[in-house]
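Structure at a glance
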Amino acid sequence: MKTEIEPGIVVIGAGVVGLSAAIAAQARGLPVTVLDREGPAAGASAGNAGAFAFTDILPLASPGILKKAPKWLLDPLGPLSVPPSYALRIAPWMFRFWRACSASRVAHSTAAQTALMDLSRAELEPFLGETGTVAMLRKDGNLQVYESQGELDASLPGWEARARHGIEFRHMDAAEMAEIQPGLAARFTHGTFTPGWYSIADPKLYTLALADHFRARGGMIEHAEVSGLTPVEGGMEIATIDGRTRRVAHVVLAAGAFSHRIARTLGESIPLETERGYNTTLPPDAFDLRMQVTFGGHGFVVTRLSTGIRVGGAVELGGLELPPNFRRSQAMLEKARQFLPGLKPEGGVQWMGFRPSLPDSLPAIGRARATERVVYAFGHGHLGLTQSAGTARLIAELLTDRKTAIDISAFSPQRF
Ligand SMILES: Cc1cc2nc3c(=O)[nH]c(=O)nc-3n(C[C@H](O)[C@H](O)[C@H](O)COP(=O)(O)OP(=O)(O)OC[C@H]3O[C@@H](n4cnc5c(N)ncnc54)[C@H](O)[C@@H]3O)c2cc1C
């Protein structure tokens, strides 16, 4: 690698966040190189549920989850689990999560999340147009289903909060649900349809298409595993695990759930953890799915992709090293068979991915404490695809020293 300072930007991480930021910076005339230890779409961006969940403005860290968690934790293959061997390690993060659930913190996070969602929604279609990916956008909406009037009633405060932020939705009974999504089990008596919830035809193909677009515009994507960052005069030195170094004017750190390890080499301790998620992707004819359906009481969704029917979700607070427990994928598929009686469960491919999650459910978008030359773009948790276009704009604005389109103080990496 070279030792003189390269004039442009190196983005670490070729997931949807890193590539979107790279494209936004490139579009502003900056020379950009992306480094990834495996290549584009190697991480969470490949196997997620493909939703642009713009209406999901309420942070996961909220009183609602505190009510559900004890019941969920009782089921070892349920929507929320903590492997015993990771329980002590995750305890400080869970404590911060719990503190983020107070009414005032939730109101603050909701306002910040809403601003980032509005920006991301506004940026999305121009971004898809610019990157030639508009045909991958689906505006099918989302149907959240409930098993009783009581379950719907319990969700109403959340819907009222969304209504206050101008989000459209429609509550419906079983007959109305059957009109828009036939084939749901009779146990689902009520539902809420949210039309402003979009999705992408396939998140991996989308991320790969972004990589193609970036290369076609002259961007370089190189294989390299970054081990550390050091400020040097006029730039940053990037060390890689093969013992090489390179120097560059600016760095964007977008390595998903692994980003805190690199931030640590700058002396910064960021409480990033991973909420591991699981799914199974069945062949496209496994079910006649018209829109994404959320089984909120069970912590999973079914999504119609161009490449198949994806059944998955769940949160496993198990860190980055434990092997996957694919019985979780299987457990959700079993439930999906009961909930969608016509579902053909054969021929599925299982997957586990690392959601990069900060305890208050907001991402880290902003400069490193040690140096203005490093900008952080990670920690989007359940919403990295959703917020990718908005984040990309903010990162490009930081790199070009512009005023950001929204106030980013709530996303400060130093807020903990
Ligand atoms: C089951 C599941 C369902 C989800 N559903 C949705 C959804 O419907 N909608 C939504 O918006 N979000 C969803 N998410 C969340 C979303 O997938 C993530 O927030 C998003 O993909 C994060 O993108 P990223 O670019 O930050 O990270 P990643 O996609 O993980 O990319 C990080 C990249 O960094 C690279 N890297 C890591 N360390 C290094 C290093 N040291 N050197 C070089 N490269 C490195 C990795 O190889 C990887 O390519 C879901 C997640 C899961 C697990």
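Here the structure is shown first, and the text comes after it.
Below or above, wherever it landed, is the structure these notes cover. (Residues numbered from 1 in each chain as written. Predicted model: local features only at pLDDT ≥ 70, side-chain atom pairs only at ≥ 80, totals over all residues. Heavy atoms only, no water.)

1. Details of unusual backbone geometry
For clarity, the threshold we go by: Labels follow the DSSP assignment, with helices taken as runs of H or I lasting at least four residues and strands as runs of E lasting at least two, numbered in each case from the N terminus. The cut-offs for exposure are 20% and 50% of the maximum accessible area for each residue type, with area from a 1.4 Å probe on protein chains only; residues under the lower value are buried, those over the upper are exposed, and the others partly exposed.
Of note in the backbone geometry, Ala-314 takes a positive phi value of approximately 70 degrees without being a glycine. Position of Ala-314 among the secondary structure elements: in strand S17 (residues 308-316). By relative accessible area, which is 6% here, Ala-314 ends up buried. Even without a glycine there, the phi angle at Ser-361 is positive, about 65 degrees. Locating Ser-361 in the fold gives a position in the loop between strand S18 (349-357) and strand S19 (364-367). Judged by its relative accessible area of 17%, Ser-361 is buried.

2. Here's the deal with the sheet that holds strand S5 (residues 137-138)
We apply this condition: Pairing between two strands is assigned when DSSP locates at least 2 bridges connecting them.
Strand order in the open sheet formed by three strands is S3-S9-S5, and the pairing between neighbours is antiparallel. What marks the edges here is a single partner per strand, and that holds for strand S3 (51-52) and S5.

3. A look at empty space enclosed by the protein
Just so we agree on the cut-off: Grid points spaced at 1 Å over the protein atoms alone were grouped into cavities, where a 1.4 Å probe fits but cannot get out, and pockets, open sets with protein on both sides within 12 Å along at least five of seven lines, with lining residues defined by an atom within 4 Å of a point. Grid points are joined across faces, edges and corners, and a volume is the space filled by probe spheres set on the points. Residues were grouped as follows: Ala, Val, Leu, Ile, Met, Phe, Trp, Tyr, Cys and Pro as nonpolar; Asp, Glu, Lys and Arg as charged; and all remaining residues, including Gly, as polar.
Applying the stated criterion across every chain yields a total of one cavity of 30 Å³ or more. By volume, the largest cavity amounts to about 50 Å³. The biggest single contributor to the lining of the largest cavity is helix H10 (residues 327-339), with three residues. When its residues are assigned to classes, the lining of the largest cavity shows five nonpolar, two polar and one charged.

4. Digging into the nonpolar core
Defined as follows: Nonpolar cores are built from buried Ala, Val, Leu, Ile, Met, Phe, Trp, Tyr and Cys residues. Side-chain atoms within 4.5 Å join them into one set. Contact criterion: two residues are considered in contact whenever any of their non-hydrogen atoms come within 4.5 Å of each other.
Residues Val-11, Val-34, Phe-52, Leu-124, Tyr-206, Ile-395 and Phe-411 are the most contacted members of the largest nonpolar core, which totals 53 residues. Apart from the residues within four sequence positions on either side, Val-34 is in contact with Val-11, Gly-13, Ala-14, Leu-19, Ala-22, Phe-214, Met-220, Ile-221 and Glu-222. Membership of the second largest hydrophobic core comes to 28 residues, among which are Met-172, Phe-287, Val-302 and Ala-336.

5. Overview of the site of the ligand
Short version of the rule: Being near a molecule or strand, for a residue, means having at least one of its heavy atoms within 4 Å of it. What qualifies as a polar contact is a pair of N or O atoms within 3.5 Å, subject to a donor-acceptor requirement within protein and to the restriction that residues adjacent in sequence count only when both atoms come from side chains. The Shrake-Rupley method, run with a 1.4 Å probe, gives the accessible areas here. Residue values count only the displayed protein chains as cover.
In the region of the ligand, 35 residues are neighbours, and Asp-36, Ser-45, Gly-381, His-382 and Thr-386 sit closest. Interatomic distance of 2.6 Å between a side-chain N/O atom of Asp-36 and an oxygen atom of the ligand. With respect to the ligand, the backbone of Gly-384 contributes an N or O atom lying 3.0 Å from an oxygen atom. Expressed as a share of its isolated accessible area of 1000 Å², the protein-covered part of the ligand is 96%. Split into classes, the residues belonging to the shell around the ligand amount to 18 nonpolar, 13 polar and four charged.

6. Here we look at the environment of Ile-241
Positionally, Ile-241 belongs in the loop between strand S12 (235-240) and strand S13 (245-253). Sequence-wise, Ile-241 and Gly-228 are 13 residues apart; in three dimensions their C-alpha atoms are separated by 8.6 Å. The contact partners of Ile-241, leaving out residues within four places of it in the chain, are Glu-225 and Ser-227.

7. Observations concerning the packing of helix H1 (residues 16-27) against helix H5 (residues 103-131)
The axes of two packed helices give the description: the angle between them and the distance between them. Rule in force here: All axes are obtained by fitting lines to C-alpha atoms, using only the stretch in contact for helices, and the reported angles, taken between N-to-C directions, cover 0 to 180 degrees. Our angle categories are set so that under 35 degrees counts as roughly parallel, over 145 as roughly antiparallel, 65 to 115 as roughly perpendicular, and the remainder as oblique.
Two elements in contact, H1 and H5, have axes whose closest approach is 12 Å; the angle formed by their N-to-C orientations is 75 degrees. With respect to H5, the element H1 is oriented roughly perpendicular. Of H5, the residues touching H1 (which contributes Ser-20, Ile-23 and Ala-27) are Phe-127, Glu-130 and Thr-131. Considering only residue class, the contact of H1 with H5 consists of three nonpolar, two polar and one charged.

8. Details of the packing of aromatic side chains
Where we set the bar: Within 6.5 Å between ring centres, the rings of Phe, Tyr and Trp (the latter by its six-membered ring) count as paired, and their orientation is classed by plane angle as stacked under 30 degrees, edge-to-face over 60, tilted in between. Charge-over-ring placement is defined geometrically: NZ (Lys) or CZ (Arg) within 6 Å of the ring centre, and within 35 degrees of the ring normal.
On inspection of all chains with the given rule, the structure shows 13 aromatic pairs. Between the aromatic rings of Phe-188 and Phe-295, the centroid separation amounts to 5.3 Å while the plane-to-plane angle is 45 degrees, which identifies the pairing as tilted. With Phe-188 in the loop between helix H7 (174-180) and strand S8 (190-194) and Phe-295 in strand S15 (residues 292-295), this pair connects stretches of sequence that are 107 residues apart. Three or more aromatic residues joined by ring pairs make a cluster, and in this case those are Phe-188, Phe-295, Phe-300 and Phe-339. Of note, Arg-37 hangs over the ring of Phe-258, and the distance from its end group to the ring centre comes to 4.1 Å.

9. Considering the side chain of Thr-194
By secondary structure assignment, the location of Thr-194 is in strand S8. Aside from chain neighbours lying at most four places away, what touches Thr-194 is Thr-55, Gly-141, Asn-142, Trp-159, Ile-167, Glu-168 and Phe-169.

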